[in-house]
Structures are given as structure tokens and as C-alpha cells.
Amino acid sequence: NLLKNHLNRAKKLYQIISSNKDLSVAVINKDWQSNTVVVANVRGGNANLIANAKKEGLIIGTGYKEQKESQIRIANFPATPDQSFNKLCSFLSNY
């Protein structure tokens, strides 16, 4: 089921972010967390993470406005192949 897979992916991303000492979930209230765009705070800024992701062929967006350099935005689209999603999860888990 496409929706179930989408929701499970979002849950997995939030779990990975929560377990990483250099990342934290930006939207604390789970009722307000997006399943489509996952936003995380990056301790020390996002430049290194984004640059390393790019070297791995991964595209991770910056935050908006005041958080442009301190947050990342991860697209969680159903059309993203499992292989790409798993590569992203591995990258974030080992960051």
C-alpha cells in the first residue's frame, strides 16, 4: 500500500534523526510533523552534511529563512525508489 509505505518511511526518518547526536527533529509536536517533508536541526550547521550528501548523490535541502543554515529538509515522496531511500537512511544513520 502506497500510503502505508509513505508513512513508514517518514517514521523511519524521524527515528533516525532522533537517534543521531548531531541531528534533532525540528517539529517536536508529532501532530504537526510532516510525512512529506521531514525537517531536522543540524548541530553546528548544515553545510557539511549537505556537501557530504551531495558527494553520495543525495539531495538534501536547507532550512528556510532564519534556519537556512541550521536545518535540513528531506523530501519523502512516494515516487522515490526504495534504493534511494535506503541510501539516504544509511547516510543519515552514519553521519
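Residues numbered from 1 in each chain as written. Predicted model: local features only at pLDDT ≥ 70, side-chain atom pairs only at ≥ 80, totals over all residues. Heavy atoms only, no water.

**Q** What am I meant to see in the overall build of the protein here?
**A** Per the secondary structure count, the protein includes three helices and four strands. The order of helices and strands in the protein, counted from the N terminus, is α-β-β-α-β-β-α. The C-alpha atoms of the protein give a radius of gyration of 12 Å, which matches the 12 Å a tight globule of 95 residues would have. Structurally, the protein occupies a C-alpha span of about 40 × 30 × 25 Å along its principal axes. (Helix = DSSP H or I, 4+ residues; strand = E, 2+ residues; numbered from the N terminus. Rg over C-alpha atoms; globule rule 2.2 N^0.38 Å.)

**Q** Whenever I open this one, the environment of I50 confuses me. Can you help?
**A** Here I50 shows up in helix α2 (residues 47-55). Each C-alpha atom, one on I50 and one on I60, is 6.0 Å from the other, the two residues being ten residues apart in sequence. If we ignore the near neighbours within four places in the chain, the residues touching I50 are I60, G61, T62 and I72. (Contact = heavy atoms within 4.5 Å.)

**Q** Which parts of the structure should I look at to understand helix α1 (residues 2-18)?
**A** Every α-helical turn comprises 3.6 residues, leaving residues that sit three or four positions apart pointing alike. Its 17 residues place the ends of α1 24 Å apart at the C-alpha level, agreeing with the 24 Å of an ideal helix rising 1.5 Å per residue. Of all the positions in α1, only H6, R9, A10, L13, Y14, I16 and I17 are classed as buried. The arc that holds every buried residue of α1, seen down its axis, measures 160 degrees, which confines them to one face. Of the residues in α1, the exposed ones pointing more than 90 degrees away from the buried face are K4, K11 and S18. Two or three places before L3, at the opening of α1, N1 has a side-chain oxygen 2.9 Å from that residue's backbone nitrogen. (Expected span 1.5 Å × (residues − 1). Buried < 20%, exposed > 50% of the residue type's maximum accessible area, 1.4 Å probe, protein only. Arc of directions from axis to C-beta. Polar contact = N/O pair within 3.5 Å; in protein donor to acceptor, adjacent residues only side chain to side chain.)

**Q** How should the pattern of salt bridges be read in this particular structure?
**A** Pairing between side chains of opposite charge can happen when their charged atoms approach one another. Counted according to the given criterion, the structure contains three salt bridges. The partner of R9 in a salt bridge is D82, and the shortest N-O contact between them spans 2.5 Å. With R9 in helix α1 and D82 in helix α3 (residues 82-93), this pair connects stretches of sequence that are 73 residues apart. Accessibility expressed as a relative area gives 4% for R9, which makes it buried. Look at D82 and you get partly exposed, because its relative accessible area is 47%. One network of salt bridges, with partners in common, ties together K21, D22 and R43. (Salt bridge = Lys/Arg side-chain N within 4 Å of Asp/Glu carboxyl O.)

**Q** Explain the environment of S19 to me, please; I cannot follow it from the model alone.
**A** Assignment of secondary structure puts S19 in the loop between α1 and β1 (23-25). Along the chain, S19 and S93 lie 74 residues apart, while their C-alpha atoms are 8.2 Å from each other.

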